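Structural features, examined
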Amino acid sequence: MTAPSEEGSKKKKEASSEGNVRVVLRVRPMAKYELEKGCKQVVFKVPVADPDSDGPEAVQVNQPDKRFFELDAVLDESFSQQQLYEKSGAYNAISEDLFKGFNCTILAYGQTGAGKTFSMGTAAGQDPEIKEMDGVIPRACMDLFVNIMTKCDGNAQVELSYLEVYNEEIRDLMTADSSGQQLRIRETLNGEIYVRGLTAVAVAGPAEVGKLMEEASGRRVVASTKMNATSSRSHAICVLRIKGVLDDTKFQSKLTLVDLAGSERMAKTGAEGSRAKEGISINKGLFVLGQVVGALAEQRPKYKRKPPFRDSKLTRLLQDSLGGNSRTIMIACCSPADFNTEETVNTLRYATQARNIKNSATANVIKTISQEEAMKLQRENTLLKQEVAELQETIRKLTEDSDVTPEEMNRSMDMIKAEQANHGGSSDRSKHLASIPSQEELEPDGALPEDDDVPIKNMDEVKEETTGNDDRETTSMGIDDVFSKQNDDNVSVLTDRDKKSYSDLEAENNALHLKLRQAQRDVKASVRDSAIELPALKVRVMMLEDELENSHALEAETEELQAELEQARDDRKSALLAARQLSDFMEKQKSVTGFRGDEINKDRMMYFNKRLEERWVNFVVVMLASFKEQMRLLGDYFEMVVRVVESPDILTMIRPTVNAGAGWWGNRNREKQIVEEKELRQRLLSEHIKFFNSRLLEVEDEIENRSESVEGIKDALSVERESIEQDLVAEQLFHDVFSKQGEKLLKHMTELMTGPLFSLPMVPAV
Ligand SMILES: Nc1ncnc2c1ncn2[C@@H]1O[C@H](COP(=O)(O)OP(=O)(O)OP(=O)(O)O)[C@@H](O)[C@H]1O
């Protein structure tokens, strides 16, 4: 094999481009059912300063809060189908990119009834004129053929395939009855996805495409739901493969047009029974598509994950359109009504995420070659053939000489893989070995199964691929025939053998390269297998020997341990016994002496005595207070007696005695005498009262003095009592701590005696 020349790689660089998926939003007018429901419009295009600029543009959704989304272009109902075709980038893709050898994908996404089929269109029919309402597909077909005529002078061939994914099954829409057909998804060595066994029909013009697509669209599963009278129940993928020559350069490209089934909510669409089942599988495909978009759009390296392309047929088929070798346009469709806000916001989230997906499209172009180049190719061809033959011989020898059975080989491989898995398998070599497929992993035809990451095609497939579909009944003229015809002119001076067409030679060389690669892999695998097998077996034997030795040693060790265990059990028993006795003794000591219990009792006695004294003093105080009260009462009483004595009633009482035996004069003297007596008596009484009062004051003073001294005694006693109380609390604390320490000590001693091996708690944890 020859390494690509510097110039070649430069060319290759020029012929590849990295770009993001272009996402445009199409907002359809209000639907009849939305108008009937009295829905409000909540989706509005944000006005742009320059409508001719190439985006980005924004849309605002007014419900529940105002939200803005940025897309490459926003087309509301005022935009026509032609404007959609142009602003989406479809026009450029068809008239420019395809002819430069770039694969292009245009896909419509959105809620059911959002206008995907309307935007994509189905087929132009056989009408040569494009009508106003025609969508992207008929316009693309028309432009494709117009450009073939104008750019390539008709020097290009187109093949049409059309399939639908319905209930996770691929159905060929180009044949009337595709039931029973096993259509499987495959991947070529350069990562291109194709469906094996899918019909591809050579088409010569838009009318032919229109007719075939019309028939094919009629085979699509469509049903009426609450939200769309003609709801597409499947994902439809239409592929147009183009091979042609433009300015001495052969190009080969693929236009993929996808009309996805609408994402739907069962409750809203009223789907039941088989409709509901369809809905589930539609949503599954779209759900995985969402995950793929999410994974591809993730820009934070920490969160990057492998896109789950293989989780649904739809995503597997779109693998090279999303993040692969394709220029991709996504038309996100939505309703303007508040009834569908949730779905619209979902579509917009999806769409804005998809804008982050980076595709790396490579132009599939080859410069047509000169006679000299053809000769060079032929020489390379011969060398390659020799190399392949040699390698095949090596393989034959390796397999014949080897007496290792395939089962043994597989077992050895499994072992190595398991070994690598156990040890992390981080070395390049181990990773490489782990990737070698086992015999069972290979399909009967030798190709890798669908789910394998590195697909290897068998030779038949390669041939089939490189020589086109000539054996298909439906192919009226193989694309490669045209290439052969065209290159005949270039190689006309070569010998008979050399007269082989360029495309044949190229195909043969490609096939040889692949064969060589396959053979090299086989040789490497055989050599590696033989090299791996012996060391693996040796390792296994050594491991078994080690295991045996280890098991003997283990046996002896177990016996020893058993004996030790018995001994330890005995020790534990006696330790437990001792600990229990010690514990009982300590408990007894505690209850008898209470640790410092005597002093505490003495203090307690003192305390109680003092409290008694205190109570007695209190009693005296109360008694004194009572005396005082008595004295006060006495005073009151005495005062009352005085008042009685002084009262005029007393005078009245003594008058009869004064009146007896007295005349007029006598009476006058008697009265005088009474007055004198009265004065005398009053004087005497007041003298007594004075004396009584002074005595009373003396007694009160005395009592007051005594009370004060009793209060003093009382205070002194309570101070003394408080200090005894504090002492008692401290004593108690000390006693508690001491007891706890004692218990801890006891526990520690128990543990020491019973040993750490049997640390059963003997005393409750403190
Ligand atoms: N831009 C538009 N202008 C006028 N009518 C439109 C527009 N978009 C959609 N419609 C109409 O809305 C209805 C639903 O559209 P369409 O069938 O394209 O939806 P869909 O997204 O393909 O739905 P489903 O996923 O259920 O197949 C059709 O009657 C269609 O004619």
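Residues numbered from 1 in each chain as written. Predicted model: local features only at pLDDT ≥ 70, side-chain atom pairs only at ≥ 80, totals over all residues.

An unreviewed UniProt entry lists the protein under the name Kinesin-like protein, with Cylindrotheca closterium given as the organism. Of the protein, the UniProt comment under Subcellular location (unreviewed entry) reads exactly: "Cytoplasm". Within the UniProt record for the protein, the comment given under Sequence similarities (unreviewed entry) is "Belongs to the TRAFAC class myosin-kinesin ATPase superfamily. Kinesin family." (UniProt positions renumbered as here; feature names shortened; annotations may be inferred.)

Our next topic: the overall build of the protein. The helix and strand inventory of the protein stands at 20 helices and 19 strands. Here the protein holds 766 residues, and the buried ones make up 28% of them. Taking contacts inside the protein between residues at least 6 apart in sequence as the whole, the part at least 24 apart equals 72%. (Helix = DSSP H or I, 4+ residues; strand = E, 2+ residues; numbered from the N terminus. Buried ≥ 20, exposed ≤ 12 C-beta atoms within 10 Å, placed from the backbone. Contact = placed C-beta atoms within 7 Å.)

Mapped onto the fold, V165 is located in strand β8 (residues 156-166). Accessibility expressed as a C-beta count within 10 Å gives 25 for V165, which makes it buried. Distance from V165 to G285, taken between C-alpha atoms, is 9.1 Å for residues 120 residues apart in sequence. For V165, the contacting residues outside a window of four places in its chain are I170, S234, H235, G285, K313, L314 and L317.

Below, the discussion takes up helix α11 (residues 341-354). Counted at 1.5 Å a residue, the expected span for α11 with its 14 residues is 20 Å, and the 20 Å between its end C-alpha atoms agrees. Among the residues making up α11, those that are buried are T341, E343, T344, T347, L348, Y350, A351 and A354. (Expected span 1.5 Å × (residues − 1).)

Right, let's get into the pairing of strand β17 (residues 327-334). The buried count for β17 comes to eight of eight residues, which makes it a mostly enclosed element. Neither face of β17 is exposed, since R327, I329, I331 and C333 on one face and T328, M330, A332 and C334 on the opposite face are all buried. Bridge count between strand β2 (residues 22-27) and β17: six bridges; the pairing is parallel. Paired with V23 across the two strands is M330, which belongs to β17. Note that strand β7 (residues 104-110) and β17 share seven bridges and pair parallel. Paired with Y109 across the two strands is A332, which belongs to β17. (Pairing = 2+ DSSP bridges.)

Glancing now at the confidence of the model for the protein. With 65% of its residues at a pLDDT of 70 or more, the protein shows a mean pLDDT of 71. Of all secondary-structure elements in the protein, the lowest mean pLDDT belongs to helix α16 (residues 479-488), at 35, while β2 reaches the highest, 95. The model gives residues 1-14 a pLDDT under 50, and that stretch makes three contacts with residues more than four places away or in other chains. Segment residues 654-662 is flagged for pLDDT under 50; beyond a separation of four residues in sequence, or across chains, it makes four contacts in the model. Overall fold confidence for the complex sits at a pTM of 0.51, while the interface term, ipTM, reaches 0.97. (pLDDT = per-residue confidence, 0-100.)

Our focus in this paragraph is the nonpolar core. Core analysis: the largest hydrophobic core is formed by 95 residues, its most contacted members being L25, M330 and A332. Ranked by residues supplied to this core, first place goes to helix α6 (residues 136-152) with eight residues. (Core = buried A, V, L, I, M, F, W, Y, C linked by C-beta atoms within 7 Å.)

Below, the discussion takes up the environment of K45. With respect to the element layout, K45 can be found in strand β3 (residues 43-45). With 19 C-beta atoms packed within 10 Å, K45 lands in the partly exposed category. Apart from the residues within four sequence positions on either side, K45 is in contact with V59, V74 and D76.

Attention now moves to the sheet that holds strand β5 (residues 67-71). Pairing is antiparallel in the open sheet, where three strands are placed in the order β3-β4-β5. Edge positions in the sheet fall to β3 and β5, since each has one partner strand and no second. With direction set aside, neighbouring strand axes in the sheet form an average angle of 25°. When strand β4 (residues 57-61) meets β5, the two strands line up antiparallel, connected through five bridges. Bridge pairing in β5 places V61 opposite R67. Across the sheet, α11 touches β3, β4 and β5, and the angle it forms with β5 is around 40°. (Axes fitted to C-alpha atoms, helices over the stretch in contact; angles between N-to-C directions.)

Here we take up unusual backbone geometry. Note: most residues except glycine have negative phi, and most peptide bonds are trans. Residues other than glycine seldom take positive phi values, yet D153 does so here, at roughly 55°. Here D153 shows up in the loop between α6 and β8. Given 11 C-beta atoms within 10 Å, D153 falls into the exposed group.

All right, on to the UniProt feature "binding site: ATP" (unreviewed entry) in the protein then. When the UniProt feature table is mapped onto this chain numbering, "binding site: ATP" (unreviewed entry) sits at G110, Q111, T112, G113, A114, G115, K116 and T117. In this structure G110 touches G115, K116, G262, A332, C333, C334 and T347, once residues within four positions along its chain are discounted. Looking at the element boundaries, K116 is found in helix α5 (residues 116-120). Exposure remark for K116: the 27 C-beta atoms within 10 Å place this residue in the buried category. In contact with K116, not counting residues within four places along its chain, are A108, Y109, G110, D259, L260, G262 and C333.

What follows concerns the pairing of strand β10 (residues 184-187). The side chains of a regular strand alternate, residue by residue, between the two faces of the sheet. Bridge count between β10 and strand β11 (residues 193-196): four bridges; the pairing is antiparallel. By the bridge assignment for β11, E187 is matched with I193.

Turning next to the packing of α6 against helix α7 (residues 206-218). Interaxial distance between α6 and α7 falls to 9 Å at its minimum, and their mutual angle equals 150°. When the axes of α6 and α7 are compared, the pair comes out roughly antiparallel. Note on packing geometry: the crossing formed by α6 with α7 is right-handed. Contacts from P138, C141, M142 and F145 in α6 reach P206, V209 and G210 in α7. Broken down by class, the residue content of the contact of α6 with α7 amounts to six nonpolar, one polar and no charged. (Parallel < 35°, antiparallel > 145°, perpendicular 65-115°, else oblique. Left-handed = near helix turned anticlockwise from the far one by under 90°. Nonpolar A, V, L, I, M, F, W, Y, C, P; charged D, E, K, R; others polar.)

The end-to-end C-alpha distance of α7 is 18 Å, a good match for the 18 Å that 13 residues give at a rise of 1.5 Å each. Each element contacted by the buried residues of α7 is listed here: α6, β8, β12 (201-203) and β15 (235-246).

Its place among the elements puts E700 in helix α20 (residues 664-754). Spatially, the C-alpha atom of E700 lies 7.9 Å from that of M631, the residues being 69 residues apart in sequence.

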